[in-house]
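Listed here are the chains, written in short residue letters.
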Amino acid sequence: MITFLNREEILRTTDMNRYARVRDILAAHHIEYKARAVTPGSTRSFGNNRMMPMGRTVRENRQEFAIFVRKDDAEQSSFLLNNANRL
C-alpha cells in the first residue's frame, strides 16, 4: 500500500496523454502507483495562482496530474519511463 510516508512523486504534468502513457507503463510492469489530479484554484491546490498587476489573479484552467509510487519502486519506475521516452 502506498502511503504519504513511503511514496515518491515520479511525474507531475498538465499533459493528459503523457499522464495516461505513464500509468499504462507502470500497470504493464505491475508497479503499484497512486494518481492524483488537481484543478488549479480548487481548495486542495495552493500556490497555483499567478498575480497580475493591480492585484488581479489569473487562474489556469488546466488540470495538473501527479503520479506517486513506493520509494522502493521509484528507481525502477524512473528507469522504465526514461527508456520509454527514448522510443
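Check the entry above for the structure.
An account of the accompanying structure is given in this report. Quick caveat: nothing in here was measured; it's all calculated off a predicted structure.

**Digging into the nonpolar core**
Across soluble globular proteins, you tend to see nonpolar side chains buried next to one another. Core analysis: the largest hydrophobic core is formed by 13 residues, its most contacted members being Ile10, Val22, Leu26, Ile67 and Val69. Elements represented by at least two residues in this core include exactly strand 1 (7-13), helix 1 (16-28), strand 5 (64-70) and helix 2 (71-86). Not counting residues within four places of it along the chain, the set of residues in contact with isoleucine 67 comprises Glu8, Glu9, Ile10, Leu11, Tyr19, Val22, Arg23, Leu26, Tyr33, Lys34 and Ala35.

**Regarding the environment of aspartate 15**
Relative to the helices and strands, aspartate 15 is located in the loop between strand 1 and helix 1. In this structure aspartate 15 comes out as partly exposed when scored by relative accessible area, which is 37%. Taking the C-alpha atoms as reference points, aspartate 15 and glutamine 63, separated by 48 residues in sequence, lie 8.6 Å from one another. A distance of 3.0 Å separates a polar atom in the side chain of aspartate 15 from the backbone nitrogen of asparagine 17.

**Description of the packing of aromatic side chains**
Under the defined criterion, the tally for this structure stands at one aromatic pair. Geometrically, the ring pair formed by tyrosine 19 and phenylalanine 65 is stacked, given 4.4 Å between the ring centres and 25° between the ring planes. With tyrosine 19 in helix 1 and phenylalanine 65 in strand 5, this residue pair connects regions lying 46 residues apart in the sequence. Seen from the ring of phenylalanine 68, arginine 7 lies directly overhead, with NZ or CZ sitting 4.0 Å from the centre.

Calculation rules
- Sequence positions are assigned chain by chain, starting from 1 and proceeding in written order.
- Note on the predicted model: pLDDT of at least 70 is required for a residue's local features to be given, and 80 or more for side-chain atom pairs to be given and counted; whole-chain, interface and lining totals, by contrast, use all residues.
- For the side-chain quantities, the full set of heavy atoms in the structure was used; hydrogens and water were omitted.
- Nine residue types can take part in a nonpolar core, namely buried Ala, Val, Leu, Ile, Met, Phe, Trp, Tyr and Cys, and a core is a set of them joined through side-chain atoms within 4.5 Å.
- Here the term buried applies to any residue with accessible area under 20% of the maximum for its type, exposed to any over 50%, and partly exposed to those in between, with areas from a 1.4 Å probe on protein chains only.
- Labels follow the DSSP assignment, with helices taken as runs of H or I lasting at least four residues and strands as runs of E lasting at least two, numbered in each case from the N terminus.
- Pairs of residues are marked as contacts when any of their non-hydrogen atoms sit within 4.5 Å.
- Side-chain atoms alone can form a polar contact between residues adjacent in sequence; in general such a contact is a pair of N or O atoms within 3.5 Å, and within protein one must be able to donate a hydrogen while the other accepts it.
- Ring geometry is summarised as follows: Phe, Tyr and Trp rings, the Trp one being its six-membered ring, pair when their centres sit within 6.5 Å, and such pairs are stacked at plane angles under 30 degrees, edge-to-face over 60 and tilted between the two.
- By definition here, charges over rings are those cases where NZ of Lys or CZ of Arg is within 6 Å of the ring centre and within 35 degrees of the ring normal.

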